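Below are the chains, spelled out letter by letter.
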Amino acid sequence: KAKESSGGNYCFYESGMDFKSLDSIRLESDLNKALQNDEFVIFYQPQVDLQNKEIVGVEALLRWNHPTRGMISPLEFIPIAEETGLIVPIGEWVLKNACKQIKEWHDKGFPRVYLSVNIAAQQFNQKTLSSLIQQTLHETGLSSEFLVLELTENAIIQETASTLCIMKKLKELGIRIAIDDFGTGYSSLGYLKNFPIDILKIDQTFVQDIVQDKNNAAITNTIISLAQNLNLNVIAEGVETHEQINFLLSNGCSFMQGYYFSPPVCKEEVENLFLSSKKI
Ligand code: C2E
Ligand code: MG
Ligand code: MG
Ligand code: MG
């Protein structure tokens, strides 16, 4: 039985079997070759501190420059990379190259920003993560105080005992740990008291309409207070408007990231932002 999907691609369906479009099968095999063909590009999005009006960090966001399709969003290929296990070598590539880039910026005299890198659940649960981080910092010469790992709640809820052990090892290296998309996962708040977490990132779905939506305003404020009470830093994602900035500032959150300041951009554009960063 063949069924037409909403995208207009044919899917072949047999009972008891997941159906995959030809398109996603092709993408999967292309993804397999993307690393060796050098098709990945790292973009960087600034994280700003409105208190001092400066860029304090950058988040590495991966882009896939597909030979025939052009730029593909990570929302499309990261799930495939996770499904196939390719996220492990891809994630390692991102970590190494982004650390190298940040160190190069520091050495060139650009602001000494930190690097925030997304770590997938599968990468986190590789028992070798802390040695990979240690080796990467050693090879690139980047000091650990400039590295933040962004984990999602879903990545850390799986096995509490080993999660705590991995996190402690990471903390011993001197890096910081952020919870990405905070408040959207399936975890309890209990982990906040056990795990050595440094930063909460308020998910953009809460931030997007804080000004219009009372519930999102309440959730955002609660996350800010929670972070303050637990002595954690808090950063708002997806900040696009001046109204959102005012709201966040008046409620005690001065770290922000979003299109209002800059979308994720290529490394040359980051350098331009550094040079003009007085304008934030
Ligand atoms: P994320 O880590 O939560 O990253 C934030 C996403 O929000 C990015 O999407 C960013 O471009 C977007 N964004 C930033 N500011 C705004 C804004 O003001 N408005 C709106 N509407 N969006 C904004 P992007 O780059 O498409 O990445 C999507 C997701 O893909 C990331 O979400 C992250 O979960 C994943 N991802 C990206 N790069 C990597 C990577 O190297 N490794 C892993 N494991 N995941 C990655
Ligand atoms: Mg992130
Ligand atoms: Mg996020
Ligand atoms: Mg996200």
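The rules behind each value
Residues numbered from 1 in each chain as written. Chains lettered and ligands numbered in written order. Predicted model: local features only at pLDDT ≥ 70, side-chain atom pairs only at ≥ 80, totals over all residues. Heavy atoms only, no water. Buried < 20%, exposed > 50% of the residue type's maximum accessible area, 1.4 Å probe, protein only. Helix = DSSP H or I, 4+ residues; strand = E, 2+ residues; numbered from the N terminus. Pairing = 2+ DSSP bridges. Near = heavy atom within 4 Å. Polar contact = N/O pair within 3.5 Å; in protein donor to acceptor, adjacent residues only side chain to side chain. Areas by Shrake-Rupley, 256 points an atom, 1.4 Å probe, with all protein chains shown as cover. Nonpolar A, V, L, I, M, F, W, Y, C, P; charged D, E, K, R; others polar.

You'll find the chain entered in an unreviewed UniProt entry as EAL domain-containing protein, with Fictibacillus barbaricus given as the organism.

**Q** Whenever I open this one, the pairing of strand β4 (residues 54–66) confuses me. Can you help?
**A** Successive residues of a regular strand alternate their side chains across the two faces of the sheet. Taken across its 13 residues, β4 has eleven buried, putting it largely inside the fold. Remark: four residues form the turn of the hairpin made by strand β3 (residues 40–49) and β4, two consecutive strands paired antiparallel; lysine 53 in that turn has positive phi of roughly 55°. Strand direction decides the pairing type here: β4 and strand β6 (residues 114–118), joined by four bridges, are parallel. What sits directly across from valine 58, in β6, is leucine 115. With three bridges connecting them, β4 and strand β5 (residues 70–72) associate as antiparallel partners. If you follow histidine 66 over to β5, its bridge partner there is glycine 70.

**Q** Any chance you could explain the site of ligand 1 here in plain terms?
**A** Around ligand 1 sit 24 residues in total, of which Arg63, Asn118, Gln204, Glu240 and Tyr259 are the nearest. Separating an oxygen atom of ligand 1 from a side-chain N or O atom of glutamine 204 is a distance of 2.8 Å. Glutamate 240 has a polar side-chain atom sitting 2.5 Å from a nitrogen atom of ligand 1. Surface burial for ligand 1 is 86%, taken as the share of its 800 Å² of free accessible area covered by protein chains. Put simply, the parts of the chain that give the shell around ligand 1 at least two residues each are β4, α2 (74–84), α3 (87–107), β8 (176–182) and α9 (204–208). Per-element tally for the shell around ligand 1: the top contributor is β4, with four residues. In terms of residue class, the shell around ligand 1 is made up of eleven nonpolar, six polar and seven charged.

**Q** I tried to follow unusual backbone geometry on my own but got confused; where do I start?
**A** Phi is mostly negative for residues that are not glycine, and the peptide bonds are mostly trans. Residues other than glycine seldom take positive phi values, yet aspartate 38 does so here, at roughly 60°. Of note in this structure, lysine 53 is not a glycine but carries a positive phi near 55°. Within the fold, lysine 53 resides in the loop between β3 and β4.

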